[in-house]
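Survey of secondary and tertiary structure
If you want the building blocks of each chain, they are given just below.
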Amino acid sequence: MMEEAVERSGVPGIGAFPCPKCGELVSVDEASSCQLRQCSHCSWWASTPSVPGSATFTLEVVGGPHPKGSFELAAHTVLGRGTEAGFRIADPDVSRRHARLFIEKGQLQIEDLSSRNGTFVAGMRIGRVAVPLGAEIRLGPSTLVRLSRPAEGPAGPVASGLDPWANGVDGAVRASCTAEMAGLLSDAQGAPERLAKTHKKLQLVYSAVEALSTILEPDELVERILDLLFGVVPADRGAVLLFDTRNHCLQTRAVRSRTGQATETLVISSTIVGRVLNERLGLLVEDTSRDRALDVGKSIVAQDIRSALAAPILYREKLFGALYLDAVGRVAAFDRDDLDAGMALARQAAIRLENAELVRQVSDEAVARADLQRYLPAHLVSRVFNKEIELKPGGVRADVTVLFTDLRDFTRHSSSMQPEQVIEMLNAYFEEMVDVVFKYGGTLDKYIGDALMAVWGSPLPCDDGPMQAVRCALEMQARVGAFNQLNEGKGWPALAMGVGINAGPALVGNLGASRRMEFTVLGHTVNMASRLESLNKELASKILISNEVWTRLGGRVLAQPRQVRVKGVEEPVTVHSVEGLYVAEGGPQRERRRSPRIQVAVDAEAYLTIGSRRLGAIVISA
């Protein structure tokens, strides 16, 4: 059954085992040290069994700064200095993930994981080799380990992780996570000694609220939690384990030892921690050796762990991890007050972790909002974050209006300027242009050197995209004139800009590689708008629109038709050189009389008057 489960996982280096509650497969990364994994189907926490076909063996540390001793390991274990290693080695010359032991085709293999100081077998630096039992392996310059014959009994990684052999908690005392304060106050009428202890625990909770209130980094938070607990609870060793959301498993994030024992060899009962996570209750084990249902692992026996305490890090039904404490050689080392203190601190940790997540979410949203505001008008950005607009991945077809702008002879002008001046001038120019795009409801698609591309109709449909785009183009031209006058004293060259506008169907969606995507518009409609813009110089015009745009505008624009040849199109194409807008009061003006050319200021509204009759508002290009 287990061999079938691993085969069905279908991912190289990844195994799977059936969830003991629902039977669905739980994926296992053989290179990971996680010994408790969460079933993605039912959310049950289960101990990771050994990989099929593997056996336990004894790793004996015989040289180097790591404490000497023998440790039972499963044949799929990462050796290293970091918390992510299955067996942690107290040697600064050993890498965080130094080497990996695993079974392949019935043979025990060791693979160096690109360590800084290398892995050596028989004096030779190796990449990956089969190693016989009894062989000595050197990790880095000084740590020497020896692999001994497989041990009998159930397999599973135990060192520096969670002990899958420590099963059962029938003798455990349980506490609800929502009642930790009630537990601290329940004996307030007891003996003076009891009152003093309860008072000390209450002080701990108060100190925790104050000390943890400003901490947002999880690693700093869990270290501080252990500092506070070790100040009032008679624990010899402790650990804080947090949920790894990416791998759906538990990772040790902080360890502490009062005995001087290397924290790298800390052994934790996966049964106790798993029960805490699944039942969301605190557990107090008075004597690990006397609990008949507790199948004690050899590593726990070797380290004389007799008492244990664990609490879920839980807030509003959201589980972040677990807190674990134990005592060496002492039966009933903890009492109910200790459990209540642990529960209270675990709850404070959960609140701070929740706050940290909220702060990160707000920060991420602020960054995302700032990014969107570079391309979308503010009212559209708000609708995106209110989920009124969904920016879907992939591509869709949409009817859009596309506007291109480009500065005339900019390369020649900028060649005589300092780079800093060029950037300053372009940024000031784009600030004005983008402001106009957003004013008329457009979306900034991209910058292309000194050119700009804007779109109407994406990501939302636009009722009158062509009219909005032409209004935008006319005001852009007006602002360029004002921009030149305003900055004349800076020695900047006078800018001249061409605009091309086209409308029609286009492909709208995310384009790019997985590392960098951008939401953009593609197709013939876009290409034609770009080509119209480039024709302005040849035709001595400022704004060119396609015949499609002219048709959709329905006579609301004063423009001159021109016949031109466009690259990629065999037949001559009719384009229109825009001179201004013509909108009469009460509706479109059909008067064909040529209007006078009027110079207008930025954002000003001019009026066309024929004789003594004012026909309506008109904006004329500068």
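Our structure is the block above this text.
Residues numbered from 1 in each chain as written. Predicted model: local features only at pLDDT ≥ 70, side-chain atom pairs only at ≥ 80, totals over all residues. Heavy atoms only, no water.

**With respect to the overall build of the protein**
Each helix and strand in the protein was counted, giving 13 helices and 35 strands. Classification of the 622 residues of the protein by burial places 50% in the buried group. For the protein, long-range pairs separated by at least 24 residues make up 60% of all intrachain contacts whose partners lie at least 6 apart in sequence. (Helix = DSSP H or I, 4+ residues; strand = E, 2+ residues; numbered from the N terminus. Buried < 20%, exposed > 50% of the residue type's maximum accessible area, 1.4 Å probe, protein only. Contact = heavy atoms within 4.5 Å.)

**Re a nonpolar patch on the surface**
Nonpolar side chains collect at one region of the surface, where Leu 507, Leu 511 and Leu 522 lie side by side and expose about 230 Å² of accessible area between them. Residue classification places Leu 522 among the partly exposed residues on the basis of a relative accessible area of 36%. (Patch = residues over 30% accessible without salt bridge, like charges linked within 9 Å, V, L, I, M, F, W, Y side chains within 5 Å. Areas by Shrake-Rupley, 256 points an atom, 1.4 Å probe, with all protein chains shown as cover. Salt bridge = Lys/Arg side-chain N within 4 Å of Asp/Glu carboxyl O.)

**Looking at the packing of aromatic side chains**
Counting across every chain of the model gives 4 aromatic pairs. Seen from their ring centres, Tyr 429 and Phe 483 are 6.5 Å apart, and the 75° between their planes marks the pair as edge-to-face. With Tyr 429 in helix α10 (residues 419-439) and Phe 483 in helix α11 (residues 465-486), this pair connects stretches of sequence that are 54 residues apart. Like Tyr 429, the residue Phe 483 is buried in the burial classification. Joined through ring pairs, the aromatic side chains of Tyr 429, Phe 430, Tyr 447, Phe 483 and Trp 492 make up one cluster. A cation sits over an aromatic face here: Arg 138 above Phe 120, 4.1 Å from the ring centre. (Phe/Tyr/Trp six-rings, centres within 6.5 Å; stacked < 30°, edge-to-face > 60°. Lys NZ or Arg CZ within 6 Å of the ring centre and 35° of its normal.)

**Some thoughts on the pattern of salt bridges**
Following the criterion strictly, the structure yields 24 salt bridges and no others. One salt bridge connects Asp 340 with Arg 336, and the closest N-O pair in it is separated by 3.1 Å. Here Asp 340 pairs with Arg 336, and both are found in helix α7 (residues 336-373), just 4 residues apart, close to one helical turn. What makes Arg 336 partly exposed here is its relative accessible area of 36%. The salt bridge partner of Arg 412 is Asp 409, with a shortest N-O separation of 3.5 Å. A relative accessible area of 54% means that Arg 412 is categorised as exposed. The structure contains a network of salt bridges with shared partners spanning Glu 432, Asp 435, Lys 439, Glu 475 and Arg 479.

**Some thoughts on unusual backbone geometry**
At Ser 43, a residue that is not glycine, the phi angle is positive and equals roughly 70°. Considering the arrangement of structural elements, one finds Ser 43 in the loop between β3 (36-38) and β4 (45-47). Even without a glycine there, the phi angle at Ala 540 is positive, about 55°. With respect to the secondary-structure elements, Ala 540 resides in the loop between α12 (524-539) and β29 (543-546). Under the relative-accessibility criterion, Ala 540 is labelled exposed at 72%.

**Digging into the nonpolar core**
The biggest cluster of nonpolar side chains holds 42 residues, and the ones touching the most others in it are Leu 403, Tyr 429, Leu 452, Val 470, Met 476 and Ile 501. The leading source of residues in this core is α10, at 10 residues. Those residues in contact with Tyr 429 that sit more than four places away from it in its chain are Thr 405, Leu 407, Asp 450, Val 480, Phe 483, Leu 495 and Met 497. Judged by nonpolar contacts, the second largest core, of 33 residues, contains Val 232, Leu 242, Ala 254 and Ile 351. (Core = buried A, V, L, I, M, F, W, Y, C linked by side-chain atoms within 4.5 Å.)

**With respect to the pairing of strand β26 (residues 451-456)**
The element β26 is extensively covered by neighbouring structure, given that 6 of its 6 residues are classed as buried. Residues Ala 451, Met 453 and Val 455 line one face of β26 and the alternating positions Leu 452, Ala 454 and Trp 456 line the opposite face, and both faces are buried. Here 5 bridges tie strand β24 (residues 395-407) to β26, and the two strands are oriented antiparallel to one another. Paired with Leu 403 across the bridge in β26 is Ala 454. Across 5 bridges, the pairing between strand β25 (residues 443-448) and β26 is antiparallel. Bridge assignment links Lys 446 to a residue of β26, and that residue is Met 453. (Pairing = 2+ DSSP bridges.)

**Things to note about the sheet that holds strand β9 (residues 99-104)**
If you trace the 5 strands from one edge of the open sheet to the other, you get β8-β7-β9-β10-β13, paired in mixed fashion. Whereas interior strands pair on both sides, the edge strands pair on one side only; in this sheet they are β8 (87-88) and β13 (128-130). For strand β7 (residues 77-80) and β9, the ladder comprises 3 bridges, and the chain directions are antiparallel. Bridge pairing in β9 links Leu 79 to Ala 99.

**Points about the packing of α10 against α11**
At a minimum axis distance of 9 Å, the contact between α10 and α11 shows a crossing angle of 150°. Looking at the two axes, α10 sits roughly antiparallel to α11. As for how α10 packs across α11, the hand of that crossing is right-handed. Where α10 abuts α11, its residues Met 425, Ala 428, Tyr 429, Glu 432, Met 433, Asp 435, Val 436, Val 437 and Lys 439 lie against Cys 472, Glu 475, Met 476, Arg 479, Val 480 and Phe 483. (Axes fitted to C-alpha atoms, helices over the stretch in contact; angles between N-to-C directions. Parallel < 35°, antiparallel > 145°, perpendicular 65-115°, else oblique. Left-handed = near helix turned anticlockwise from the far one by under 90°.)

**Observations regarding helix α4 (residues 218-232)**
The first and last C-alpha atoms of α4 sit 22 Å apart over 15 residues, in line with the 21 Å expected at 1.5 Å per residue. If you check which residues of α4 are buried, you get Pro 218, Leu 221, Val 222, Ile 225, Leu 226, Leu 228, Leu 229, Phe 230 and Val 232. (Expected span 1.5 Å × (residues − 1).)

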